[in-house]
Amino acid sequence: MAPPAQSQRSPSPSQPSGKGEVSDLKSQLRQLAGSRAPGIDDSKRELFKKVISYMTVGIDVSSLFGEMVMCSATSDIVLKKMCYLYVGNYAKVNPDLALLTINFLQRDCKDEDPMIRGLALRSLCSLRVANLVEYLVGPLGSGLKDNNNYVRTVAVMGVLKLYHISASTCVDADFPAMLKHSMLNDSDAQVVANCLSALQEIWSSEASSSEEASREREALLSKPVVYYFLNRIKEFSEWAQCLVLELVGKYVPSETSEIFDIMNLLEDRLQHANGAVVLATIKVFLQLTLSMTDVHQQVYERIKAPLLTLVSSGSPEQSYAVLSHLHLLVMRAPFIFSSDYKHFYCQYNEPSYVKKLKLEMLTAVANESNTYEIVTELCEYAANVDIPIARESIRAVGKIALQQYDVNAIVDRLLQFLEMEKDYVTAEALVLVKDLLRKYPQWSQDCIAVVGNISSKNIQEPKAKAALIWMLGEYSQDMHDAPYILESLIENWEDEHSAEVRLHLLTAVMKCFFKRPPETQKALGAALAAGLADFHQDVHDRALFYYRLLQYNVSVAQRVVDPPKQAVSVFADTQSSEIKDRIFDEFNSLSVVYQKPSYMFTDKEHRGPFEFSDELGHLSIGAESTGTVVPAQRVEANDKDLLLSVSEKEESGGPSNNASAYSAPSYDGSSVSAAASSQMLSELAISSVTGHASQSSLAIDDLLGLGLPVAPAPAPSPPLLKLNSKAVLDPGTFQQKWRQLPISLSQVYFSTMT
Amino acid sequence: MPPLMAIEFLCRVADVLSDYLGGLNEDVIKDNFIIVYELLDEMIDNGFPLTTEPNILREMIAQPNIVSKVLSVVTGNSSNVSETRPGATASCVPWRTTDPKYANNEVYVDLVEEMDATINRDGVLVKCEIYGEVQVNSHLSGLPDLTLSFANTSILDDVRFHPCVRFRPWESNQILSFVPPDGQFKLMSYRVKKLKSTPIYVKPQLTSGGGTCRVDVLVGIRNDPGKTIDSITVQFQLPHCILSADMTSNHGTVNILANKTCLWSIGRIPKDKAPSMSGTLVLETGLERLHVFPTFQVAFRVMGVALSGLQIDKLDLKNLPNRPYKGFRALTRAGEFEVRS
């Protein structure tokens, strides 16, 4: 609230008048301080306004502290507010002067007007001067018992502020217990909400040192407390509702009927005008039903409409935040959203970050029934003015092709792209055709015919050029002039700046040599010579390797460089399922927006070096040229944004994962990598919580993303514990309704998900 | 903190500030430091949002309007804040000011709809959806209880409500029952999808060759909504590879704006002829044909009709001392209405 205290900064040259004006103000304030003339408040107010506006623009007016305090004796509430603001801003840097204010703030804390009592208490707690905390305890204590709800709300927050200034003072004064009492008994919902927020913060940070606090923290998640909040949820403000819903999301019900009761009670929250409430409710629903596969899926069906509405209303920022969550859900259960694919069509005006997400979702939801329409739509984007999006959409077409069985039509579209005569379209399409051929070698005839017409001179982008060269090498049997194209490329070896292309050139000319030796021999010799003289270490080494291999035995060389290949059945996923599950557990947080689990952007060690991703790029090239199959994303590694390269780094941390990717072409690495990284995570978790013994089991559960009960609740057994019947439907009808929602998926998916 | 909570809160702060200050920009904020500080002080404490209901804030912090300035000069009372702290927060209707009084009791209900449509290269309506809001402006004394019912709620695809709407009557009978906040607010927002037709058609045609591109755009009424369609505009972004453009129309005005946007303002469609715009784009030298196809964005407005077909059946008011005036309006305008070429 308070503007940044910039008192240390010397007034900049652009504010030369600062000093003179401040001393002017000082004398004027002095004159007014003692006066009791009528209308004095108006002139004071003008002066105060000046002081505050100086303060806001960064002029140091702390020298007026004494005068301001002297003038603060007034009944005018706006004057008081300005004065509090001033004091709150400068007290921290002038602890000695702050002592002066204690007196009048304490007096105001006993004012008749509750507004003034509240404001004074708030300012008192905002002084943030450690040696003044003793003066806070008294006013806070009486503030918590004040008969006005406004003062109590302020006092609760005050306790939290006190805790942050001096935790021991706060705990010694027994404030947490008082807060707990008000939380469970106060009539005002805002007071209750503030208590909850304060207690959560206090007990979480106390939990590491005190067993009692960690017990208390767990007690917040006990049935009586959660039910108490649920029963009052409609009294709370929308923000407090978010807080309560977050609490409920962590609660683990003991019986199935409880789950239905809670969902029944909360269902109307899905129609709240505030998007934050809707998302928080969705999180509760998803968490509660994790173990009930059929109901969990019905939750998806139920939340679809509210999410789609949220996307289409509100600012681009809001819709992006919602879209990221929708994206997460679509990726988890694409088939549920496959009939809503039109919602993911891009609008011309949308910012490209929104379009990018939508393209990914379109790719995910494509299935047999809607592929044709989706691909048609995507093809329209390829002619888009926005070139990055045009590229993305071509890639999307390719991805759909790779995940479909019937690719006939799509291949035709891709080949049309090649003929569009736009260099970036051609480039993207070439890369895709290459991937496509790796999965569906049976299409080689059609593709080769078109690819053969593309002049390598028109291709500039390294990746596209590499793709073209790969095809030249791989299908040199069918492409009539392959050796000659390769030869001309080798002649221009010096002009080829990308090491990736040169590496591919070496491999391709080798493959070509095995198929058509007489025509290629000369080119091979030239390539090896150029490669040996290359300054790039990898290129040099590979040339040397091939040379020696050929020297040793040509047929062995052929087996190494150009073995018969199996078609790729599944391209490895960029993100491990472990990481996706972690993100899902952190639903309704920034993790979803960033598309990575929170430890990756909160822990220092994970934020660090990005250079590693570069190395990985080279590594992947090496892997591909050995002829084994490499996950598609490796090839693209360079243009993945930093976020993804971090997650890749994470994956490759498990050595077993990498090794398996090399040896087995059609291997689906996800399970191994998941196991490897989960092991890594648990190690990490253990190492990070040493010293917090009491917390460790919790932390591991949390990190592993298991929805296990946090701890046995301290077994209070009130028989009267029930959710109130204000819910819309009676429990029976509700369960009935939820069981009847349409089911549109195979069980296979959910068995993997839980 | 959940991301949406932060974003929603920031939007709310922006709304409240612009409501108080009659606009939101750097200068306005600089001129009204004090009010901004006061508001923020009440809206958030220690990073947690508190009161964001405009009605309650208005009771705590006076608006810097001319009336209060005049009043303070006349009466000599400099405090622009009511002396007592409102009890409303403790009441059961947190969004409503305590007991407002009006000489004329009035309530206005507006249906405001936006049509989003995408028409693809082949003239096929790919997607057509309506996002609508029920906006209410209420100036009613006391604690009135309102019920609003619609003739055809079955068309609504998804709805979202202001916190004042009671959920149970909606769930059982599709009736909106609520105690309104004072002043202007958004009672409900809804979405209607899978509409079959748009009120107007826009047919662009681009033929290029020999370094130029011929553009023809036709506009006309496809599905007459029964009321006048006005404020029709068609605009498109000229591709980068265009050197010059020469566009004319038989109705309305055509302007090439500074950011290479071609804006054709049509207004209303005349009875006797179909408006058309045509012209030639000269491409960069060396370019034979145009490879990038512009998207045409269409805007229009129809007063008096909600194109989704949603109709208000009746509005009942209870708890009112005298008969209020009830007003209803409807308006549809184009949202993201785009035609690809």
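How each quantity is defined
- Residues numbered from 1 in each chain as written.
- Chains lettered and ligands numbered in written order.
- Predicted model: local features only at pLDDT ≥ 70, side-chain atom pairs only at ≥ 80, totals over all residues.
- Heavy atoms only, no water.
- UniProt positions renumbered as here; feature names shortened; annotations may be inferred.
- Helix = DSSP H or I, 4+ residues; strand = E, 2+ residues; numbered from the N terminus.
- Buried < 20%, exposed > 50% of the residue type's maximum accessible area, 1.4 Å probe, protein only.
- Contact = heavy atoms within 4.5 Å.
- Areas by Shrake-Rupley, 256 points an atom, 1.4 Å probe, with all protein chains shown as cover.
- Pairing = 2+ DSSP bridges.
- Axes fitted to C-alpha atoms, helices over the stretch in contact; angles between N-to-C directions.
- Salt bridge = Lys/Arg side-chain N within 4 Å of Asp/Glu carboxyl O.
- Expected span 1.5 Å × (residues − 1).
- Buried area = accessible area lost by both parts, 1.4 Å probe.
- Polar contact = N/O pair within 3.5 Å; in protein donor to acceptor, adjacent residues only side chain to side chain.

- If you look chain B up in an unreviewed UniProt entry, it shows as MHD domain-containing protein from Carya illinoinensis.
- If you open the UniProt record of chain B and go to Subcellular location (unreviewed entry), you find "Endomembrane system".
- Within the UniProt record for chain B, the comment given under Sequence similarities (unreviewed entry) is "Belongs to the adaptor complexes medium subunit family."

- Looking at an unreviewed UniProt entry, chain A carries the name Beta-adaptin-like protein, with the source organism given as Carya illinoinensis.
- Chain A has a UniProt comment under Subunit (unreviewed entry) that states "Adaptor protein complexes are heterotetramers composed of two large adaptins (beta-type subunit and alpha-type or delta-type or epsilon-type or gamma-type subunit), a medium adaptin (mu-type subunit) and a small adaptin (sigma-type subunit)."
- The Sequence similarities (unreviewed entry) comment attached to chain A in UniProt states, word for word, "Belongs to the adaptor complexes large subunit family."

## A closer look at the overall build of chain A
Piece 1. Broken down by element type, chain A carries 42 helices and zero strands.
Piece 2. The 754 residues of chain A split such that 57% are buried.
Piece 3. The long-range share in chain A, meaning contacts at least 24 apart out of those at least 6 apart in sequence, stands at 69%.
Piece 4. A total accessible area of about 31,400 Å² is found for chain A, and carbon and sulfur atoms account for 54% of it.

## Quick look at the UniProt feature "domain: MHD" (unreviewed entry) in chain B
Piece 1. The UniProt record annotates "domain: MHD" (unreviewed entry) at residues 104-340 of chain B.
Piece 2. The span residues 104-340 of chain B shows a helical share of 3% and a strand share of 59%, and its end C-alpha atoms are spaced 50 Å apart.

## As for unusual backbone geometry
Piece 1. Despite not being glycine, Q595 of chain A shows a phi value in the positive range, around 60°.
Piece 2. Positionally, Q595 of chain A belongs in the loop between α32 (590-594) and α33 (598-602).
Piece 3. You will see that K260 of chain B, though not glycine, has its phi angle at about 60°, which is positive.
Piece 4. Residue position: K260 of chain B is located in the loop between β13 (253-256) and β14 (261-267).

## Some words on the sheet that holds strand β17 (residues 312-318) of chain B
All names here are of chain B.
Piece 1. Read across the open sheet, the three strands follow the order β7-β5-β17; overall the sheet is antiparallel. Each of the sheet's edge strands pairs with one partner strand only, and the pair in question is β7 (175-178) and β17. In this sheet, neighbouring strand axes are inclined to one another by 10° on average, regardless of whether the strands run parallel or antiparallel.
Piece 2. Here four bridges tie strand β5 (residues 145-150) to β7, and the two strands are oriented antiparallel to one another. From the neighbouring strand, L146 faces β7, where its bridge partner is F178.

## Looking at the pattern of salt bridges
Two side chains carrying opposite charge are able to pair once their charged atoms lie near each other.
Piece 1. What the rule picks out here adds up to 42 salt bridges over all chains.
Piece 2. Residue K193 of chain B pairs with D340 of chain A through a salt bridge whose shortest N-O separation is 3.7 Å. Here K193 of chain B is found in the loop between β8 (183-192) and β9 (200-209), whereas its partner D340 of chain A is found in the loop between α18 (316-332) and α19 (352-365) on a different chain.
Piece 3. Looking at K193 of chain B, the relative accessible area reads 24%, which means it is partly exposed.
Piece 4. Look at D340 of chain A and you get buried, because its relative accessible area is 5%.
Piece 5. The partner of R191 of chain B in a salt bridge is D157 of chain B, and the shortest N-O contact between them spans 3.8 Å. Linking R191 of chain B in strand β8 with D157 of chain B in the loop between β5 and β6 (158-161), this pair joins segments that are 34 residues apart in sequence.
Piece 6. Judged by relative accessible area, D157 of chain B falls into the partly exposed class, the value being 31%.
Piece 7. Through salt bridges with shared partners, a single network forms among E301, K304 and D340 of chain A together with E129, D157, R191 and K193 of chain B.

## Section: helix α2 (residues 40-57) of chain A
Residue and element names in this part refer to chain A.
Piece 1. If you check α2, its first and last C-alpha atoms are 26 Å apart, about what 18 residues at 1.5 Å a residue would give, namely 26 Å.
Piece 2. Regarding α2, the residues found buried are I40, D41, K44, R45, L47, F48, V51, I52, S53, Y54 and M55.
Piece 3. Positive phi shows up at G58, right after α2, with a value of about 105°.

## Thoughts on the interface of chain B and chain A
Piece 1. Contact with chain B, which involves 62 residues of that partner, is made by 84 residues of chain A.
Piece 2. Of the roughly 6,800 Å² buried at the junction of chain B and chain A (both faces included), carbon and sulfur atoms supply 57%.
Piece 3. In this structure, the connection of chain B to chain A is made through seven salt bridges.
Piece 4. The tally of links between chain B and chain A comes to 22 residue pairs in polar contact (both at pLDDT 80 or more).

## Focus on the sheet that holds strand β4 (residues 125-139) of chain B
Piece 1. Strand order in this open sheet of nine strands is β6-β8-β4-β3-β18-β16-β11-β14-β13 (chain B), and the pairing throughout is mixed. Across the chains shown, the open sheet's two edge strands, defined by having one partner strand only, are β6 and β13 of chain B. For this sheet, the mean angle separating the axes of adjacent strands, direction not counted, is 15°.
Piece 2. Of the strand pairs in this sheet, strand β11 (residues 229-237) of chain B and strand β16 (residues 295-303) of chain B are connected by six bridges, and their pairing is antiparallel. From the neighbouring strand, I229 of chain B faces β16 of chain B, where its bridge partner is V302 of chain B.
Piece 3. Relative to β6 of chain B, helix α17 (residues 293-312) of chain A is tilted by about 70°, and along the sheet it contacts β4, β6 and β8 of chain B.

## Some points on helix α22 (residues 408-418) of chain A
Piece 1. Taken as a whole, α22 of chain A has its buried residues at I410, V411, R413, L414, L415, F417 and L418 of chain A.
Piece 2. Buried-residue contacts for α22 of chain A involve α20 (371-382), α21 (387-403), α23 (423-439) and α24 (444-451) of chain A.

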